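For reference, the chains in residue letters:
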Amino acid sequence: MNMNKNKMDVKVETKKGSMDEWPEPIVRVQSLAESNLSFLPDRYIKPASLRPTTTEDAPAATNIPIIDLEGLFSEEGSSDDVIMARISEACREWGFFQVVNHGVKPELMDAARDNWREFFHMPVNAKETYSNSPRTYEGYGSRLGVTKGASLDWSDYYFLHLLPHHLKDFNKWPSFPPTIREVIDEYGKELVNLSGRIMRVLSTNLGLKDDKFQDAFGGENIGACLRVNYYPKCPRPELALGLSPHSDPGGMTILLPDDHVFGLQVRKNDTWITVKPHPHAFIVNIGDQIQILSNATYKSVEHRVIVNSNKERVSLAFFYNPKSDIPIQPLQELVSAHNPPLYPPMTFDQYRLFIRTQGPQGKSHVESHISPRPR
């Protein structure tokens, strides 16, 4: 896997710092948690406006839509209009929804989460061989962004590539526990298939050919990657976040949450809603690239992760992205003189550089590209 060796040898500088190395020594959050701190280090204390202790939290009974996909695609290829309508509403109004009866075996979902939990339970030193850099983020990491002195999130993670095939390198995947590579590989293939099915629904619901979104992403030449999040116990969860507010820069995210520990919060109408995961459901969320393709008919929505003083949490975020060098812009069929394109063309490589250098910054990036509508 040396296809990109020459590129990797070139040092890239940004306004925020080098993309070849972290701006300061990395501290593993797991190490902090295991040291039985009674206080929270200053770098992890969020400004008062971002702390999760807010009166703007939604009532506990509120939840994102749960959609049963059983019968969505029959053997004859027909679809259920009610399910299609529910997905359409969720994409327009929420940007998030849970899916059940999605076709992925519960045993595989459990095995994926259990294998990763076992990996993160290894001693920190045993995981350091997989340490990542901001150049690709691939491997074991503990921060997003390269701004020196930036506020940090209370989490460690592991990031790896599944597609395209030339970026998929088993040597960069963990080798422990012994079944983890086999499980990840099967899990990734299943989620690529599920993502393709949902992409067809998104296209059809806008009156387009069912392969329109997929073609805009590059057809079969899409990108897919996995970020596994580990949120250790936090001594002062009311001051910290596991992941700061952001919208996902890619196309679509399929999240396997922790069934037993809540953490994901979704913003709707300036209210933070704590998602209650349904057993063996996936959480689907629309990313910025689909918002751009749909000319903002579908919404990528700001979300964040809260942490817990009594329980750790593990989640698997699968990202389904456009081919990285294809310009993404609103589809011609969805724009007109009365509904002009909101976004200029931009490749995913260009777009995702923002979060890789500056870290999570709410919805500021996608909104900064909106073209003013004529008066």
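Residues numbered from 1 in each chain as written. Predicted model: local features only at pLDDT ≥ 70, side-chain atom pairs only at ≥ 80, totals over all residues. Heavy atoms only, no water.

Going by the annotation in an unreviewed UniProt entry, the name recorded for the protein is Flavonol synthase/flavanone 3-hydroxylase, with Camelina sativa given as the source organism. Taken directly from UniProt, the Sequence similarities (unreviewed entry) text for the protein runs: "Belongs to the iron/ascorbate-dependent oxidoreductase family." (UniProt positions renumbered as here; feature names shortened; annotations may be inferred.)

Per the counting criterion, the structure on display carries 15 aromatic pairs. Measuring from centroid to centroid gives 5.6 Å for Trp 116 and Phe 119, while their planes differ by 80°, and the two rings are edge-to-face. Of this pair, Trp 116 and Phe 119 both sit in helix α4 (residues 106-120), three residues apart, which is roughly one turn of that helix. On the basis of relative accessible area, Phe 119 is assigned to the buried category, the value being 0%. Consider the rings of Trp 116 and Tyr 158, whose centres lie 5.3 Å apart with planes at 45°: the pair is tilted. With Trp 116 in helix α4 and Tyr 158 in strand β6 (residues 156-163), this pair connects stretches of sequence that are 42 residues apart. Taking the relative accessible area as the measure of exposure, Trp 116 reaches 1% and is therefore buried. Through pairs of rings, three or more aromatic residues link up here, namely Trp 116, Phe 119, Phe 120, Tyr 130, Tyr 140, Tyr 158 and Tyr 230. Between the NZ or CZ atom of Arg 227 and the centre of the ring of Tyr 157, over which it lies, the distance is 4.2 Å. A cation over an aromatic ring shows up here: Lys 268 above the ring of Trp 94, its NZ or CZ 4.7 Å from the ring centre. (Phe/Tyr/Trp six-rings, centres within 6.5 Å; stacked < 30°, edge-to-face > 60°. Helix = DSSP H or I, 4+ residues; strand = E, 2+ residues; numbered from the N terminus. Buried < 20%, exposed > 50% of the residue type's maximum accessible area, 1.4 Å probe, protein only. Lys NZ or Arg CZ within 6 Å of the ring centre and 35° of its normal.)

This part takes up helix α3 (residues 81-93). Taking 1.5 Å of rise per residue, the 13 residues of α3 would be expected to cover 18 Å, and the 18 Å separating its terminal C-alpha atoms lies within 8% of that figure. In the core, the buried residues of α3 are packed alongside β3 (66-68), β4 (96-100), α6 (180-204) and β12 (282-286). Taking the backbone nitrogen of Val 82 as reference, a side-chain oxygen 2.9 Å away marks Asp 80 as the first, capping residue of α3. Within two residues after α3, Gly 95 carries a phi angle of roughly 75°, on the positive side. (Expected span 1.5 Å × (residues − 1). Contact = heavy atoms within 4.5 Å. Polar contact = N/O pair within 3.5 Å; in protein donor to acceptor, adjacent residues only side chain to side chain.)

Ile 87, Trp 116, Phe 213, Leu 226 and Phe 282 are the most contacted members of the largest nonpolar core, which has 69 residues in total. At 11 residues, α6 tops the list of elements feeding residues into this core. With residues near it in sequence (within four places) discarded, Trp 116 still touches Tyr 158, Leu 160, Pro 174, Ile 180, Ile 184, Leu 226, Val 228, Val 314 and Leu 316. Of all hydrophobic cores here, the second largest spans 19 residues; its members include Trp 94, Cys 225, Ile 273 and Ala 317. (Core = buried A, V, L, I, M, F, W, Y, C linked by side-chain atoms within 4.5 Å.)

Here we take up unusual backbone geometry. Omega for the peptide link from Leu 163 to Pro 164 comes to 0°, which places this bond in the cis form. Following the sequence through the fold, Pro 164 ends up in the loop between β6 and α6. Backbone torsion omega between Phe 176 and Pro 177 reads 0°, so that peptide bond is classified as cis. If you check the backbone angles, Asp 270 has positive phi at about 65° while not being a glycine. We note that Asn 295 has phi near 55°; this positive angle belongs to a residue other than glycine. By the element assignment, Asn 295 lies in the loop between α8 (288-293) and β13 (303-305).

It is worth spelling out the sheet that holds strand β10 (residues 264-268) at this point. Taken together, four strands build an open sheet; the order of strands is β8-β13-β10-β11 and the sheet is antiparallel. Two strands lie at the open edges of the sheet, namely β8 (243-246) and β11 (271-274), each paired on one side alone. Between one strand axis and the next, the sheet turns through 20° on average, direction left out of account. Bridge count between β8 and β13: two bridges; the pairing is antiparallel. Bridge pairing in β13 places His 246 opposite His 303. (Pairing = 2+ DSSP bridges. Axes fitted to C-alpha atoms, helices over the stretch in contact; angles between N-to-C directions.)

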